[in-house]
Amino acid sequence: MNSRKLLSETRRTFPATKVHCQQPSRILIVDVTSPSWANTCSVLSEALENTLCLACSLTGPCRVPLLSLYVVQNQQECLLPFTQVKENFARIQACISELRSLPREGCFPQGGNGVVQAVQDGLQQFKQYSRHAAAGGSANSSVEITILTSQSGKEMVKQLEKKLKDVDLVCLRRIQAIEVLKRDFLEPEDVEQCMPAEEPSSNDIAILGMDIDVQTIEDNVISLEMLFKTWLHDYGTEREHLQLLLPSGGFSHATAPKTTLMCLKCDLQERLLDPALLSGMADGTTRAADFNSPCQMAAWPATVLYKLQVVKALKSEGVCESVLYGLPFIIKPTSCWQLDWDELETNQHGFHALCHSLLKRKWMLLAKREPQNTSPNWNIMVHSYYIIVPSDSATLLVKAVAIRELLLPSTFPALLAEHPERVHGLIESALNSLEVEVAYNPLHLKSNLYKYLKSMLYKPLHRQQAQPRDQRPERHQPKQHQSRVKATVAPLLMAPSPVQVFRPAGLRRDSCERSLLPKE
């Protein structure tokens, strides 16, 4: 995926009010006037269904609390009014089936301002839904809009800037304008950089007091799936997730006490989903990790501030893989909105300098996690330790490392200096028959997990299922006045009860290193 920075970068601002659910609600707007809609339709539907089956299967607070889906033809139409994602997979599947049944290419002319009208309508519906939710005791203050179109991203921004200048955008956190292109239409530099995004890009266009992120993406399942999976990351920016404490060294005054520590404020991001968090995956003997345990860290939901104090440096070649355990997490400089700009910039420079120095020295860091609290259950503090690994990107990797109490005795017999030539020949022949890959790419492996999760979530709707477009009665489209656009959504009374929309939760975030897209 290629993000293009069109205007000078400005700092993102968020409302300072404390909210119960920091994950934004989602509005997905699909422009079906694309000449290549026939191909995009199938890959988009599959990618969206795959991502949402994960969102519905993950235990804990829902990572996509509310979803609304619009399609833009001659005018906008809402296929899915705001719906709680959890416990509603059957309804979401019916909506995706309806999306698949839309007429193919050539049926709708390009152009017009249907996308802008869908944005306006979606914002109106979100505000109305939020008022009902607030009355029921739930709270969600922000929404993000993702637009999938074949139109030029720059042209889309111009339309949005012109039409939204008089619209109240307080609740709108960000708009993503995603230009979906066939590989043949990508510029050479775009082909190299077209990759699945693992986190929201910071190369945003700042207009109207909010952010518009313009990207290009290839129309294949993996690219679109990775785009939608960014919704599963933590979007809480109330505070940093982790403080990395280093000896002060030359960063403090000579008169400072020896105990003075330099603090780098960081965010955590999951590198992969924990299988133990997927409902239906446990076999009865395993369960999701207890994140209150002194030997666990969690990037989701990150309800505590972790403090890791660096105690030693280690040579990279001196760490045995067998003593590392647990899920890895990505560490990045924080994007907490409560820090002033100068502090954010200084913190980021310090983090980048640390990454560079560790690479140059070929070092890893050994860090001790400071206890979170002194509750009655932990009157004796148990310390856990972590290895921090640098990379050639502006990120660090953190993994738990074994301590004395957990280590079991093991014997590692030496290799025999000599062995029968016949056996050696057989092994060599077997190895020579294997295909050799330069690097491991997880995107090359499929495990049927999506099919399994969908089968576990499958609950037939009791009402009428979505019918092919040509077999169902024509919807009544309200007449549009010149001055404004009427909502083409179902009445809000059909939406789920706002009382059940959100549960309080805290959250977190971070990133990865390079594209894993298989090259053609």
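Residues numbered from 1 in each chain as written. Predicted model: local features only at pLDDT ≥ 70, side-chain atom pairs only at ≥ 80, totals over all residues. Heavy atoms only, no water.

Draft legend 1. Representation of the overall build of the protein. On a plain count of helices and strands, the protein comes out with 9 helices and 15 strands. Going through the 520 residues of the protein one by one, you find that 46% of them count as buried. Within the protein, contacts between residues at least 6 apart in sequence are counted, and of these 82% link residues at least 24 apart. A total of about 27,800 Å² of accessible surface is found on the protein, and carbon and sulfur atoms cover 55% of it. (Helix = DSSP H or I, 4+ residues; strand = E, 2+ residues; numbered from the N terminus. Buried < 20%, exposed > 50% of the residue type's maximum accessible area, 1.4 Å probe, protein only. Contact = heavy atoms within 4.5 Å. Areas by Shrake-Rupley, 256 points an atom, 1.4 Å probe, with all protein chains shown as cover.)

Draft legend 2. Local environment of the packing of aromatic side chains. Across all of its chains, the model carries 3 aromatic pairs by this definition. An angle of 50° between the planes, with centres 6.1 Å apart, marks the rings of F82 and Y129 as tilted. Here the residue F82 occupies a position in strand β4 (residues 76–84), and Y129 occupies one in helix α3 (residues 114–135), the gap between them amounting to 47 residues. Here F82 and Y129 have matching classes, each one buried. Ring centres 5.2 Å apart and planes at 55° place the aromatic pair F228 and W231 in the tilted group. Taking relative accessible area as the criterion, F228 reaches 0% and is therefore assigned buried. (Phe/Tyr/Trp six-rings, centres within 6.5 Å; stacked < 30°, edge-to-face > 60°.)

Draft legend 3. Fine view of the pairing of strand β13 (residues 363–369). Taken across its 7 residues, β13 has 5 buried, putting it largely inside the fold. The pairing of strand β11 (residues 306–315) with β13 spans 7 bridges and is antiparallel. Bridge pairing links Q309 to K368 in β13. The pairing of β13 with strand β14 (residues 385–390) spans 4 bridges and is antiparallel. By the bridge assignment for β14, L366 is matched with I387. (Pairing = 2+ DSSP bridges.)

Draft legend 4. View of the environment of P275. One can find P275 in the loop between β10 (261–270) and β11. For P275, a relative accessible area of 44% gives the class partly exposed. As for P275 and L58, which are separated by 217 residues in sequence, their C-alpha atoms are 8.9 Å apart.

Draft legend 5. A look at the sheet that holds β13. Spatially, β9-β10-β12-β15-β14-β13-β11 is the arrangement adopted by the 7 strands of the closed barrel, whose pairing is mixed. Strand-to-strand twist in this sheet, taken as the mean axis angle between neighbours without regard to direction, amounts to 40°. Of the pairings in the sheet, the one linking β14 to strand β15 (residues 396–401) comprises 6 bridges and is antiparallel in character. The partner of I388 across the bridge, within β15, is V398. Where helix α7 (residues 341–361) meets the sheet, it contacts β9 (242–247), β10, β11, β12 (324–333), β13, β14 and β15, and its direction lies at approximately 85° from that of β10. (Axes fitted to C-alpha atoms, helices over the stretch in contact; angles between N-to-C directions.)

Draft legend 6. Local environment of a nonpolar patch on the surface. Residues V423, I427, L431 and L434 make up a contiguous nonpolar surface patch of about 370 Å² in total accessible area. Checked against the element boundaries, I427 lands in helix α8 (residues 421–432). (Patch = residues over 30% accessible without salt bridge, like charges linked within 9 Å, V, L, I, M, F, W, Y side chains within 5 Å. Salt bridge = Lys/Arg side-chain N within 4 Å of Asp/Glu carboxyl O.)

Draft legend 7. Representation of empty space enclosed by the protein in the model. Counted by the stated rule, this structure contains 5 cavities of 30 Å³ or more. For the second largest cavity, the calculated volume is near 70 Å³. Along its surface, the second largest cavity is lined by V30, D31, S34, W37, T40, L44, L148, T149, S150 and V180. Counting only elements with at least two residues in the lining of the second largest cavity, the list comes to β2 (25–31), α1 (37–57) and β5 (143–149). Counting residues per element, the lining of the second largest cavity draws most heavily on α1, at 3 residues. Residue classes in the lining of the second largest cavity are distributed as 5 nonpolar, 4 polar and 1 charged. (1 Å grid on protein atoms, 1.4 Å probe; cavity = no way out; pocket = protein on both sides within 12 Å on 5 of 7 lines; lining within 4 Å. Points joined across faces, edges and corners; volume = space filled by probe spheres on them. Nonpolar A, V, L, I, M, F, W, Y, C, P; charged D, E, K, R; others polar.)

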